[in-house]
Amino acid sequence: MVVLARAEWRPRVSGSITEFVEQLTLVDHHVHGAFRTDGPESRFQNALNEANPEPLTRPDSAYDSQLGFAIRRWCAEALDLPRHPSTAEYWQRRVELGETEVTRRLTSSAGVSDWLLDTGFEAGQLCTPTELSSASGATSHEIVRLESVAERLIVELDDPGGFADAVRADLAGRGPEVVGAKSIIAYRTGFDIDLSRPSDVDVAESARRWRDQIERERSVRLTDPVLLRFGIQAAIDRRLPLQLHVGFGDRDIDLRAANPLHLLDFLRAHEATGVPILLLHCYPFEREAGYLAQAFETVHLDVGLAINHVGARSRALIARSLELAPFAKILYSSDALGPAELHYLGARLWRNAMASIVGGWVDDDDWSEVDARRVLSLVARDNARRVYDLA
Ligand SMILES: [Zn+2]
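What you see is a predicted model; the values in this text were computed from it and never measured.

**Student:** Please explain a nonpolar patch on the surface as it appears in this structure.
**Tutor:** Together, Leu261, Tyr291 and Leu324 line one region of the surface with nonpolar side chains, adding up to about 270 Å² of accessible area. As for its position among the elements, Leu324 is in the loop between helix H15 (314–321) and helix H16 (341–363).

**Student:** Help me out: how do you make sense of the packing of helix H10 (residues 200–217) against helix H11 (residues 225–237) in this one?
**Tutor:** A pair of packed helices is characterised by two quantities: the angle between their axes and the separation of those axes. The contact between H10 and H11 brings their axes to 9 Å, and the two run at 125°. Taken together, the axes of H10 and H11 lie oblique to each other. Crossing angle aside, the handedness with which H10 passes H11 is left-handed. Where H10 abuts H11, its residues Asp202, Val203, Ser206, Ala207 and Trp210 lie against Val226, Leu227 and Phe230. Within the contact of H10 with H11, the residues separate by chemical class into 6 nonpolar, 1 polar and 1 charged.

**Student:** Honestly, the sheet that holds strand E7 (residues 299–301) in this entry has me stumped. Any pointers?
**Tutor:** Spatially, the 7 strands line up as an open sheet ordered E1-E2-E3-E4-E5-E6-E7, and their pairing is parallel. At either margin of the open sheet sits one strand with a lone partner, and together these are strand E1 (26–31) and E7. In this sheet, neighbouring strand axes are inclined to one another by 25° on average, regardless of whether the strands run parallel or antiparallel. Both strand E3 (residues 139–145) and strand E4 (residues 178–183) contribute to a ladder of 4 bridges, which runs parallel. Within the sheet, the bridge partner assigned to Glu142 lies in E4 and is Val178.

**Student:** Teacher, can you tell me more about the coordination of the zinc ion here?
**Tutor:** In a perfect tetrahedron of four donors around a metal, the angles come out at 109.5 degrees. In a perfect octahedron of six, they are 90 or 180 degrees. Listed as protein donors to the zinc ion are His30 (NE2), His32 (NE2) and Asp335 (OD); their distances from the metal cover 2.0 to 2.2 Å. In the primary sequence, the donor residues of the zinc ion line up as H-x1-H-x302-D. A single burial state applies to His30 and to His32, both of which are buried.

**Student:** Could you clarify how one ought to interpret the packing of helix H7 (residues 146–156) against H10 in this entry?
**Tutor:** Axis separation between H7 and H10 bottoms out at 10 Å; the angle between their running directions is 80°. It follows from the interaxial angle that H7 and H10 lie roughly perpendicular. Residues Ala150, Glu151, Ile154 and Val155 of H7 form the contact with H10, whose participating residues are Ala207, Trp210, Arg211 and Ile214. Its residues assigned to classes, the contact of H7 with H10 shows 6 nonpolar, no polar and 2 charged.

**Student:** Which parts of the structure should I look at to understand the nonpolar core?
**Tutor:** It is characteristic of soluble globular proteins that their nonpolar side chains tend to be buried jointly. Judged by nonpolar contacts, the single largest core of 116 residues is most densely connected at Phe163, Leu242, Leu244, Phe266, Leu279, Ile318 and Trp350. Ranked by residues supplied to this core, first place goes to H16 with 12 residues. Each residue touching Leu242, except ones within four places of it in the same chain, is listed here: Leu146, Ala181, Ile232, Ala235, Ile236, Phe266, Pro276, Ile277 and Leu278. Listed in part, the 11 residues of the second largest apolar core include Val27, Leu116, Ala384 and Val387.

**Student:** Even after reading the chapter, I still don't get the packing of aromatic side chains, so can you show me in this structure?
**Tutor:** Two aromatic rings, taken as a pair, are described by how far apart their centres are and by the angle between their planes. Throughout the structure, instances matching the rule amount to 9 aromatic pairs. Here the aromatic rings of Tyr332 and Trp350 are separated by 5.8 Å at their centres, their planes lie at 65°, and the arrangement is edge-to-face. Note that Tyr332 is positioned in the loop between H15 and H16 and Trp350 in helix H16, a separation of 18 residues in sequence. Overall, the relative accessible area of 1% leaves Tyr332 in the buried class. Here a set of aromatic residues connected by ring pairs shows up, and it is made of Phe44, Tyr63, Tyr90 and Trp91.

Calculation notes
- Residues numbered from 1 in each chain as written.
- Predicted model: local features only at pLDDT ≥ 70, side-chain atom pairs only at ≥ 80, totals over all residues.
- Heavy atoms only, no water.
- Patch = residues over 30% accessible without salt bridge, like charges linked within 9 Å, V, L, I, M, F, W, Y side chains within 5 Å.
- Areas by Shrake-Rupley, 256 points an atom, 1.4 Å probe, with all protein chains shown as cover.
- Salt bridge = Lys/Arg side-chain N within 4 Å of Asp/Glu carboxyl O.
- Helix = DSSP H or I, 4+ residues; strand = E, 2+ residues; numbered from the N terminus.
- Axes fitted to C-alpha atoms, helices over the stretch in contact; angles between N-to-C directions.
- Parallel < 35°, antiparallel > 145°, perpendicular 65-115°, else oblique.
- Left-handed = near helix turned anticlockwise from the far one by under 90°.
- Contact = heavy atoms within 4.5 Å.
- Nonpolar A, V, L, I, M, F, W, Y, C, P; charged D, E, K, R; others polar.
- Pairing = 2+ DSSP bridges.
- Donors = N, O, S within 2.8 Å, 3.2 Å for Na, K, Ca; no water.
- Buried < 20%, exposed > 50% of the residue type's maximum accessible area, 1.4 Å probe, protein only.
- Core = buried A, V, L, I, M, F, W, Y, C linked by side-chain atoms within 4.5 Å.
- Phe/Tyr/Trp six-rings, centres within 6.5 Å; stacked < 30°, edge-to-face > 60°.

See the structure below:
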């Protein structure tokens, strides 16, 4: 029996991969604004719990989490604190600096060249694309949230029967600052429904029913499945890359129905359009999303949001995202919203994880260094630049 030698000795190169990862600029393809004013500690603490949207009865419990620990480890330096300060020391320093200065320091240290902002959530409390650009020195682009467009138009329209044309005209009228669309249909009906294109007659009927309901109930939250899937199809017709919230979110979502495998029929019918689909977050369905990215040319994914929330376990999460998905289908995002620690930490944890995972594969001679650098550049920015056609 001939046993082939595994490999001759070769020097470890992970150090040079780490250097390469550190200098890569990132495109954060799904993010929200940072807080625009000072606020109480409970606001900061509650922002560290994603799944429970209610005010926590013991807000300090949010510090005792992977995210809480990761912030004190990785964000302290940007606030001139030693690593792992106490929570009291961290908060006191935050108060001394003020929210605007904290945002400036953390967003400008993230190494992000482009933010793609979802501007459709808590708009008044969070900084605008222009404000995030001036704080960070990076370029901001806009992602239009389809449910927010619908919820604005339904109350503005004289005749709700014109809803379909109004949505199409709104999307057609957007300027080059809008580079994609996003749907939170996972929050409203889940994916386990018919997502095919409705007729304009059905849309008009649903819009009239919705408007009556708004007048009765004084709430404009869109939950009608016909109008939700119409919005998705209108964005695809406009050829806007379509972001879909998948998996992890607050408990308003039925996580079971946010599994992307429910999208199979939709993706089969959609494939021929060639419009990119971006599965956002995906946790804990990152493996399902990776399979879909291999199965469908249109499908891409990220593991944003969860990177921050699983903290020291983000290496394992990011490693799982690098299993089945073709490397040209994986994008970076932080999904930061509120405290600018989240804008910074997403990038920091991504760099830590990619240097360790990919550097390890190069050291083990599973990957060549040339391939490693190319894939790191793809995920950091090149895939996003291609998908969203950024300059
Ligand atoms: Zn988000």
